[in-house]
Amino acid sequence: MSGQHQTAPYYFVPAPSRHPVSCSVGLLVVLGSAAAWVNGQSWAPWTALAGLLWVLWVLRSWFGDSIAESEGGLYSKRIDVSYRWGMSWFIFSEVMFFAAFFGALFYARTLAMPWLGDLDNKLLWPDFSAVWPNTGPAGVVDAFETMGPWPIPTLNTALLLTSGVTLTISHHALRANHRGSAIFWLFATVVLGFVFLGFQAYEYHHAYTELNLKLTSGVYGSTFFLLTGFHGFHVMLGAIMLSVMLVRLMKGHFTPDHHFGFEGAAWYWHFVDVVWLGLYVVVYWL
């Protein structure tokens, strides 16, 4: 938020907007189409795509209005504080989101697995072996190989850690009013993020075609793809956010003292980095 001038109102209240209703209509179309899709309706994928594109267009317009308001000098320090609290609570909700998946993995591996292998359950599943990963008590899951930490996960760890460094350098350059340096290092961060996604796509192809590891591969497959897949989705969102910040930097937005748009995207990216470190240890090594 760079347009925080002395003439800004005490607390800016925007005019009534069509964006919340428009976004709600798009989300309703997406969710309704998704429900029809899983029930085999042939038209559902197309309406889901149309609804998603509509939501993306509404968000582009909505954020565009916010950027225009900021650059127009309508945002005071109080609005800046509001944005900071909003982004903080958003990231907290994301922490709880991933905590649920890590908790599911812990429960399945540390609690449920020994219970299923105890003497009481031997009468039901005499051939069950309480080892991780597991193909289930009835052997209904096809045999698969686990995903090890080398080489792709380790390379992706190096990429994300490096991207955190380049993003921090870009932030310090912006605070020092070195716009050219800030643009260069932010561009490097975005490139590293998309390279990460490319490696993850390759990893998924390897898992499906060579390891027979799929979402249906028991509790190991489901937790593996849910954790890594949702993290990859968050990396994609973070890379898009940083790309928008890159364009804004190139357009001359932000000042050394007022740039929470940049800072908020950086907070999110560092959160994604921390989640990956936990995921790298728990999913790939343990």
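Source: prediction; values computed, not measured.

S.K.: Describe the nonpolar core, naming the residues involved and giving the relevant values.
M.R.: Met147, Leu186, Leu213, Phe224, Phe262 and Tyr284 are the most contacted members of the largest nonpolar core, which has 45 residues in total. Every element with two or more residues in this core is listed here: α3 (77-116), α5 (152-175), α6 (179-209), α7 (218-250) and α8 (260-285). Top element by residues in this core is α8. It accounts for 14 residues.

S.K.: Got a sec to walk through the UniProt feature "transmembrane region" (unreviewed entry) in the protein? Specific residues and values, please.
M.R.: Residues annotated in UniProt with the feature "transmembrane region" (unreviewed entry) correspond here to residues 21-38, 44-63, 83-108, 150-170, 182-202, 222-247 and 267-285. Along residues 83-108, the helical share is 100% and the strand share 0%, with 38 Å between the first and last C-alpha atoms. As annotated, residues 182-202 comprises 100% helix and 0% strand, and the C-alpha atoms at either end are separated by 31 Å.

S.K.: Which residues make up the confidence of the model for the protein, and what values do they have?
M.R.: Looking at the protein, pLDDT values average 92 and 97% of them are 70 or higher. In this model residues 1-5 is a low-confidence stretch, pLDDT under 50, and it forms 27 contacts with partners more than four residues away in sequence or in other chains.

S.K.: Talk me through unusual backbone geometry; I want residue IDs and the actual numbers.
M.R.: Of note, the amide linkage connecting Trp132 to Pro133 takes the cis form, showing an omega dihedral of 0 degrees. Within the secondary structure, Pro133 sits in the loop between α4 (119-122) and α5. A positive phi angle, close to 75 degrees, is found at Phe254, a residue other than glycine. By the secondary structure assignment, Phe254 is in the loop between α7 and α8.

S.K.: Quick rundown of the pattern of salt bridges? Include the residues and the values.
M.R.: Taken as a whole and judged by the stated rule, the model has four salt bridges. With a shortest N-O distance of 3.2 Å, Arg248 and Glu71 are connected by a salt bridge. With a gap of 177 residues between them, Arg248 in helix α7 and Glu71 in helix α2 (residues 44-71) connect regions that are remote in the sequence. Residue Arg248 is classed as buried on the basis of its relative accessible area of 5%.

Rules behind the numbers
Residues numbered from 1 in each chain as written. Predicted model: local features only at pLDDT ≥ 70, side-chain atom pairs only at ≥ 80, totals over all residues. Heavy atoms only, no water. Core = buried A, V, L, I, M, F, W, Y, C linked by side-chain atoms within 4.5 Å. Buried < 20%, exposed > 50% of the residue type's maximum accessible area, 1.4 Å probe, protein only. Helix = DSSP H or I, 4+ residues; strand = E, 2+ residues; numbered from the N terminus. UniProt positions renumbered as here; feature names shortened; annotations may be inferred. pLDDT = per-residue confidence, 0-100. Contact = heavy atoms within 4.5 Å. Salt bridge = Lys/Arg side-chain N within 4 Å of Asp/Glu carboxyl O.

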